[in-house]
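Structural overview for review
As a plain string of letters, each chain reads:
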Amino acid sequence: VGAGQAVDFPGASANPTVVHDTITVKAGQVFDGKGQTFTAGSELGDGGQSESQKPLFKLEDGASLKNVTIGNNGADGIHLYGDAKIDNLHVTNVGEDAITVKPNGAGKKSHVEITNSTFQNASDKILQLNADTSLTVDNVKAKDFGTFVRTNGGQQGNWDLNLSHISAQNGKFSFVKSDSEGLNVNTQDISLDNVQNHYKVPASANLKVA
Ligand code: ADA
Ligand code: CA
Ligand code: CA
C-alpha cells in the first residue's frame, strides 16, 4: 500500500509471531514489522477487558512503528511514551484497547501521528489518551468498536485531536469521547456509519467539524 493510499481491512497471518515479552522500541528508533503479524502470548494478557494487561509494543519518545499487523490477541496493544509515528498498522482484533498515550515522565505534550491504518473488533476503546497529546489521525478505517478516541475518563488535560480521512462503522459508544473542558477537535472528511454519540464532549470544547 502506497503512502496516502486508501487501505481496506487486511487480515492477520495464520502464522503470527507470538510476543511473550513486550517489545520496546528505543527513543528515536524505527520498528519496521515488514508486514508481519504479531499476537500476544498469554504472559501479556488474554485480549479481554482486564486493565492489568501488558502491551505488545512500548515506544519510547520519538520512536516509530510501521508495517505491523496485530492479530488475534491484542492484549493492551501499543503504549506510547512521548512523540510517536505509527504508519500502516492493522489491528484485526483489538484487545483491551489498541494504542495508549501514557504519561511520559517529562510531563511534555506528546505529538502522535497515526496514518494509513485500520482497527477492528474493539469491545471498548481504540485510542486511549492518558496524557497531554497533540494527536493526528489520517487515512484510517475502524469497524466494530466501542469508542474510537477517548481522553482519560474524568480528567482535564491538554488535548488536540486532528482527525482526517477517517471512516468508522459500527461504533456502539462514541467516535470521540472526552470530559476535558478545553478539548480541541479539528476534523476533515470523517464518514461515520452506525456510530453512536459522534462527539461526546463538554459544551465548552472547541469542535471544528469540516
Ligand atoms: C480505563 C481506566 C483508566 C486506564 C484506561 C486505559 O479508562 O479507567 O484508568 O486504565 O482504561 O489506559 O486502558
Ligand atoms: Ca481501558
Ligand atoms: Ca488499556
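Residues numbered from 1 in each chain as written. Chains lettered and ligands numbered in written order. Predicted model: local features only at pLDDT ≥ 70, side-chain atom pairs only at ≥ 80, totals over all residues. Heavy atoms only, no water.

**Describing the coordination of the calcium ion (ligand 2)**
Taken together, the protein donors to the calcium ion (ligand 2) comprise Glu51 (OE), Glu51 (OE), Glu96 (OE) and Glu96 (OE), at separations of 2.5 to 2.6 Å. Classification of the site at the calcium ion (ligand 2) as irregular follows from its six donor atoms and the range of 51 to 158° in their angles at the metal. Between the two metal centres, the calcium ion (ligand 2) and the calcium ion (ligand 3), the spacing is 3.7 Å, with Glu96 acting as a shared donor. With Glu51 in the loop between strand E4 (37–40) and strand E5 (57–59) and Glu96 in the loop between strand E8 (84–91) and strand E9 (99–101), this residue pair connects regions lying 45 residues apart in the sequence. (Donors = N, O, S within 2.8 Å, 3.2 Å for Na, K, Ca; no water. Tetrahedral: all angles 85-135°; square planar, octahedral: opposite > 155°, others 65-115°. Helix = DSSP H or I, 4+ residues; strand = E, 2+ residues; numbered from the N terminus.)

**A few points about the pattern of salt bridges**
Taken as a whole, this structure holds five salt bridges when the rule is applied. For Lys26, the salt bridge is made with Glu60, and the minimal N-O distance between the two is 3.8 Å. Of the two residues, Lys26 is situated in the loop between strand E2 (23–25) and strand E3 (30–32) and Glu60 in the loop between E5 and strand E6 (63–70); the sequence distance between them amounts to 34 residues. The class of Glu60 is partly exposed, set by a relative accessible area of 25%. Residue Asp179 pairs with Arg150 through a salt bridge whose shortest N-O separation is 3.2 Å. (Salt bridge = Lys/Arg side-chain N within 4 Å of Asp/Glu carboxyl O. Buried < 20%, exposed > 50% of the residue type's maximum accessible area, 1.4 Å probe, protein only.)

**Points about the coordination of the calcium ion (ligand 3)**
Protein-derived coordination of the calcium ion (ligand 3) comes from Asp76 (OD), Asp76 (OD), Glu96 (OE), Asp97 (OD) and Asp97 (OD), at a distance range of 2.3 to 3.0 Å. Coordination at the calcium ion (ligand 3) comes from six donor atoms whose angles at the metal span 46 to 162°, giving a geometry best classed as irregular.

**What about the nonpolar core?**
Formed by 51 residues in total, the largest nonpolar core has its most connected members in Phe119 and Phe148. The residues touching Phe148, leaving out its near neighbours within four places in the chain, are Ile126, Leu127, Val137, Val140, Ala142, Ile166, Ser174 and Phe175. (Core = buried A, V, L, I, M, F, W, Y, C linked by side-chain atoms within 4.5 Å. Contact = heavy atoms within 4.5 Å.)

**Observations concerning the pairing of strand E13 (residues 159–177)**
Taken together, the 14 bridges between strand E12 (residues 133–151) and E13 define a ladder with parallel strand orientation. Counterpart to Ser134 in the pairing with E13 is Asp160. Relative to strand E14 (residues 184–195), E13 runs parallel, the two being bridged by 10 bridges. The residue bridging Ser164 from the neighbouring strand is Gln188, located in E14. Alignment of E13 against strand E15 (residues 199–200), held across two bridges, turns out to be parallel. Paired with Lys177 across the two strands is Lys200, which belongs to E15. (Pairing = 2+ DSSP bridges.)

**Focus: the packing of aromatic side chains**
Across all of its chains, the model carries six aromatic pairs by this definition. Summarising the aromatic geometry, the rings of Phe148 and Phe175 are spaced 5.1 Å apart at their centres and angled 10° between planes, so their arrangement reads as stacked. With Phe148 in strand E12 and Phe175 in strand E13, this residue pair connects regions lying 27 residues apart in the sequence. With respect to class, Phe148 is no different from Phe175; both count as buried. (Phe/Tyr/Trp six-rings, centres within 6.5 Å; stacked < 30°, edge-to-face > 60°.)

**A few points about the environment of Thr39**
Assignment of secondary structure puts Thr39 in strand E4. By relative accessible area, which is 10% here, Thr39 ends up buried. Linking Thr39 and Gly77, residues 38 residues apart in sequence, is a C-alpha distance of 9.6 Å. When neighbours within four sequence positions are excluded, Thr39 is seen to be in contact with Pro16, Thr17, Val18, Val19, Leu56, Gly71, Asn72 and Asn73. Here the side chain of Thr39 touches Asn73 through a polar contact of 2.9 Å, landing on its backbone nitrogen. (Polar contact = N/O pair within 3.5 Å; in protein donor to acceptor, adjacent residues only side chain to side chain.)

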